[in-house]
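Analysis of the macromolecular model
Listed below are the residues making up each chain.
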Amino acid sequence: MSSRTPILSLIIITLISSLFWQCPDNPVKSTEADTTSHNFTWEIDTLGKYGSKLMDVVVIDENTILAVGDLNTDSGRFNAARWDGNKWTVFDIEAQYMGSMTNPPLYSIWYFSYNDIWITDVCAPYHWDGNKWILYHIQDMGLDACAGYGIWGTSPSDIYFVGYSGSIVHFDGQEFTKIETHSDLRVNDVWGNSENDVYFCQYDISTRPSSILHYDGQELSSKYYFYTMDYDSKVLAGSVHTIWAYGDTLYAGCSSGVWKESVKTGKGNMTSWLDICGDWVYPNRIRGQENNDIFVVGNWMKMAHYNGGTWQSFSSIFDTVGDYFSVAIKGNLVCAVGRTNSAQAIIVTGRKF
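Here goes a summary of the coordinates provided. None of the values given here were measured: they were computed from a predicted structure.

1. With respect to the overall build of the protein
Along its length, the protein carries two helices and 31 strands. Among the 353 residues that make up the protein, the fraction classed as buried is 57%. Entry remark: accessible area of the protein is about 15,200 Å², with carbon and sulfur atoms responsible for 49%.

Structure (structure tokens):
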């Protein structure tokens with residue numbers, strides 16, 4: 001089912017410096033107490049054959065990673081894969097709908113515990129309760145929403161789902177409720193922080209407007225709305241594809257770079273993609289575990305790590321050409337997923353040393 005190309009398990013520092021491009025002329029000044037290491041060992045796996053891709057991933061522990069997407073294999077089509085510490089295994093997630101079992105391609109995943117996992121197809125959420133998968137067809141429930149592009153939640157009774165045509169849906173443990181955005185812009189990502197702030201980013205690939213929305217649990221408001229495509233801008237510009245928040249800091253990955261802003265002061269700064277990885281990027285996902293341990297991934301196999309002081313590009317360590325769609329990090333383990341240009345699913349795993 002899979003093929004693996006291990007990168008050297010131990011890489012000396014001088015080799016790392018020669019392989020990984022880093023811009024020394026414009027480093028991001030550290031505002032954190034410490035910086036983390038840029039030193040990772042990497043492994044690359046491919047799954048499936050032509051027509052395969054993985055859209056999202058969650059790192060549970062050193063021996064457990066779950067990824068979802070659409071996998072075309074000689075044994076049939078599957079929509080999920082599991083890492084058990086030794087190998088990747090494909091499997092199917094399916095639920096009953098209108099008397100039949102359905103197992104569509106999947107787009108996002110959120111993990112609370114083994115008995116509490118959420119996934120989405122392009123429009124609807126599914127829930128694993130430890131025994132079976134349950135499909136919540138929110139359109140059949142009377143909600144005019146298609147919310148399968150992203151999930152974020154603080155607890156089983158506080159979960160957000162986002163997707164097409166301004167769709168934001170909240171689950172309180174009992175009911176699904178649509179939060180009106182009064183916008184047709186696709187909601188591409190969602191994340192919140194410890195201050196009960198939830199942020200959403202929107203963009204329209206055809207007409208090019210972008211926005212960032214803020215929700216305080218009661219009211220949804222527009223934080224930013226713009227059309228500009230100024231790639232060299234030092235302010236928030238370009239199409240916003242992904243968002244992440246931690247404590248007092250909001251991060252937005254857009255076509256001009258990574259925007260970093262203090263939620264309390266409203267002051268922010270943009271770090272250009274040219275300074276991060278020497279090329280322009282359409283970012284698909286930015287995720288981290290602290291302000292000094294953040295990854296951003298995007299099209300053309302672009303990947304970079306922020307350690308609280310500088311950005312380090314990991315875009316040229318593989319010969320494979322393709323796109324990353326998502327990334328997850330936990331502890332010393334990071335995993336990015338996507339597809340190659342030959343339309344195989346790709347999984348890149350890094351371990352910090």
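2. What to know about the sheet that holds strand 21 (residues 240-246)
Across the sheet, four strands lie side by side as 21-22-23-24; this open sheet has antiparallel pairing. Where the open sheet ends on each side, the last strands, each with one partner, are strand 21 and strand 24 (268-272). Sheet twist, expressed as the average angle between the axes of neighbouring strands with direction ignored, equals 20°. Across five bridges, the pairing between strand 23 (residues 257-262) and strand 24 is antiparallel. Within strand 24, the position partnered with Gly-257 by the bridge is Ser-272.

3. So, the pairing of strand 30 (residues 333-340)
Counting buried positions along strand 30 yields seven of eight residues, so the element is predominantly enclosed. Pairing of strand 29 (residues 322-330) with strand 30 involves eight bridges; the strand directions are antiparallel. Paired with Val-327 across the two strands is Ala-336, which belongs to strand 30. In this structure, strand 30 lies alongside strand 31 (residues 345-352), joined through seven bridges in antiparallel fashion. Bridge assignment links Val-337 to a residue of strand 31, and that residue is Ile-347. Linking two consecutive strands that pair antiparallel, namely strand 30 and strand 31, is a turn of four residues; a positive phi of about 65° is found at Ala-343 within it.

4. A look at the state of the cysteines
The final tally for this structure, using the stated rule, is one disulfide. A disulfide bridge connects Cys-123 with Cys-146, and the sulfur atoms are separated by 1.6 Å. Between Cys-123 and Cys-146, the S-S dihedral sits near -80°, and the bridge is therefore left-handed. Of this pair, Cys-123 sits in the loop between strand 10 (116-120) and strand 11 (125-128) while Cys-146 is found in strand 13 (residues 146-155), placing the two residues 23 residues apart along the sequence. Judged by relative accessible area, which is 13%, Cys-146 ranks as buried. With no disulfide of its own, Cys-254 has Cys-201 as its nearest cysteine by sulfur position, at a separation of 9.9 Å. The class for Cys-254 is buried, based on a relative accessible area of 0%.

About the criteria used
- Residues numbered from 1 in each chain as written.
- Predicted model: local features only at pLDDT ≥ 70, side-chain atom pairs only at ≥ 80, totals over all residues.
- Heavy atoms only, no water.
- Helix = DSSP H or I, 4+ residues; strand = E, 2+ residues; numbered from the N terminus.
- Buried < 20%, exposed > 50% of the residue type's maximum accessible area, 1.4 Å probe, protein only.
- Areas by Shrake-Rupley, 256 points an atom, 1.4 Å probe, with all protein chains shown as cover.
- Pairing = 2+ DSSP bridges.
- Axes fitted to C-alpha atoms, helices over the stretch in contact; angles between N-to-C directions.
- Disulfide = S-S within 2.5 Å.

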